[in-house]
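What follows is each chain in one-letter form.
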Amino acid sequence: MSCTSPSIPAAGSTASNDPRSFARSLGINLRHLAEYANVAPETPTLQPLDARLQRYMRDARTVLDRATRLGGGRAAARDWFRHMPLATFAYRTAEEMVSEGRVGELLHYLDGVERWDTRAALPTRDAGAAFALSTPARGDDDSPMA
């Protein structure tokens, strides 16, 4: 038995259309996949070529491929995708962002990470943080520290 975790099927391969292979590669069950793809629980089994399910898997693969290129390998990308809350997106995970259809925002964020440009990340939806970022410093904040 191999100690390596299953790899995420490449886009365009026959396995990439198979919900079972995709779920196995992420370490999730079909019910979890259906929930995040916003389809009925039986869809991955009964209608594996459903457009919404296929779109979710394609978008998730795109994000995972981009995250893998940033370093750390597929296992690290998979862990990041499923478990890392992103402050920029109100502490949603990449998995949640893909589920919400916000792939473009997530890819833009990853572009910024790839360039080490934190300004490329989209602003948070947190009104308090947005206020803090947009409010000029007060004059007394410029005084030298003793």
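Residues numbered from 1 in each chain as written. Predicted model: local features only at pLDDT ≥ 70, side-chain atom pairs only at ≥ 80, totals over all residues. Heavy atoms only, no water.

Side note on the environment of T45
Line of reasoning, step 1. Tracing the backbone shows T45 in helix α3 (residues 43-46).
Line of reasoning, step 2. The spacing of T45 and D18 is 27 residues in sequence and 9.5 Å in space, taken between C-alpha atoms.
Line of reasoning, step 3. Every residue in contact with T45, bar those within four places of it in the chain, is listed here: R20 and L30. (Helix = DSSP H or I, 4+ residues; strand = E, 2+ residues; numbered from the N terminus. Contact = heavy atoms within 4.5 Å.)

Brief notes about the confidence of the model for the protein
Low-pLDDT stretches of the model should not have their predicted coordinates read in fine detail.
Line of reasoning, step 1. Averaged over all residues, the pLDDT of the protein is 79; the fraction at 70 or higher stands at 68%.
Line of reasoning, step 2. Long-range and interchain partners of residues 1-5, a stretch whose pLDDT sits below 50, account for two contacts in this model, where long-range means more than four residues apart.
Line of reasoning, step 3. Confidence drops under a pLDDT of 50 for residues 121-146, and excluding neighbours within four residues, the segment shows 14 contacts in the predicted structure. (pLDDT = per-residue confidence, 0-100.)

Points about the environment of T93
Line of reasoning, step 1. For T93, the position within the fold is in the loop between α5 (73-83) and α6 (94-99).
Line of reasoning, step 2. Separated by 13 residues in sequence, T93 and W80 have C-alpha atoms that sit 7.9 Å apart.
Line of reasoning, step 3. In this structure, T93 is in contact with F81, R82, H83, M84 and P85, ignoring residues within four places of it in sequence.

Thoughts on the nonpolar core
What tends to happen in soluble globular proteins is that the nonpolar side chains get buried as a cluster.
Line of reasoning, step 1. In this structure, L33, Y56, V63, W80, F81, V98 and L106 are the most contacted members of the largest nonpolar core, which totals 30 residues.
Line of reasoning, step 2. Every element with two or more residues in this core is listed here: α1 (19-26), α2 (30-37), α4 (51-69), α5, α6 and α7 (103-114).
Line of reasoning, step 3. Examining the composition of this core, we find that seven residues originate from one element, α4, more than from any other.
Line of reasoning, step 4. Apart from the residues within four sequence positions on either side, V98 is in contact with Y56, D59, A60, V63, F81, V103 and L106. (Core = buried A, V, L, I, M, F, W, Y, C linked by side-chain atoms within 4.5 Å. Buried < 20%, exposed > 50% of the residue type's maximum accessible area, 1.4 Å probe, protein only.)

So, unusual backbone geometry
Line of reasoning, step 1. Of note in the backbone geometry, A90 takes a positive phi value of approximately 55° without being a glycine.
Line of reasoning, step 2. Here A90 shows up in the loop between α5 and α6.
Line of reasoning, step 3. Judged by its relative accessible area of 37%, A90 is partly exposed.
Line of reasoning, step 4. In the Ramachandran plot, Y91 falls in the positive-phi region, its phi being about 65° despite a non-glycine side chain.
Line of reasoning, step 5. For Y91, the position within the fold is in the loop between α5 and α6.

Let's talk about α7
Line of reasoning, step 1. The first and last C-alpha atoms of α7 sit 16 Å apart over twelve residues, in line with the 16 Å expected at 1.5 Å per residue.
Line of reasoning, step 2. Packing partners of the buried residues in α7 comprise α4, α5 and α6.
Line of reasoning, step 3. Just past α7, the residue W116 takes up positive phi, approximately 60°. (Expected span 1.5 Å × (residues − 1).)

Examining the packing of α4 against α7
Line of reasoning, step 1. Taken N-terminus to C-terminus, the directions of α4 and α7 make an angle of 5°; their axes are 10 Å apart at the nearest point. Considering their axes alone, α4 and α7 lie roughly parallel with respect to each other. Contacts between α4 and α7 involve D59, T62, V63, R66, A67 and R69 on the former and, on the latter, V103, L106, L107, L110, D111 and E114. (Axes fitted to C-alpha atoms, helices over the stretch in contact; angles between N-to-C directions. Parallel < 35°, antiparallel > 145°, perpendicular 65-115°, else oblique.)

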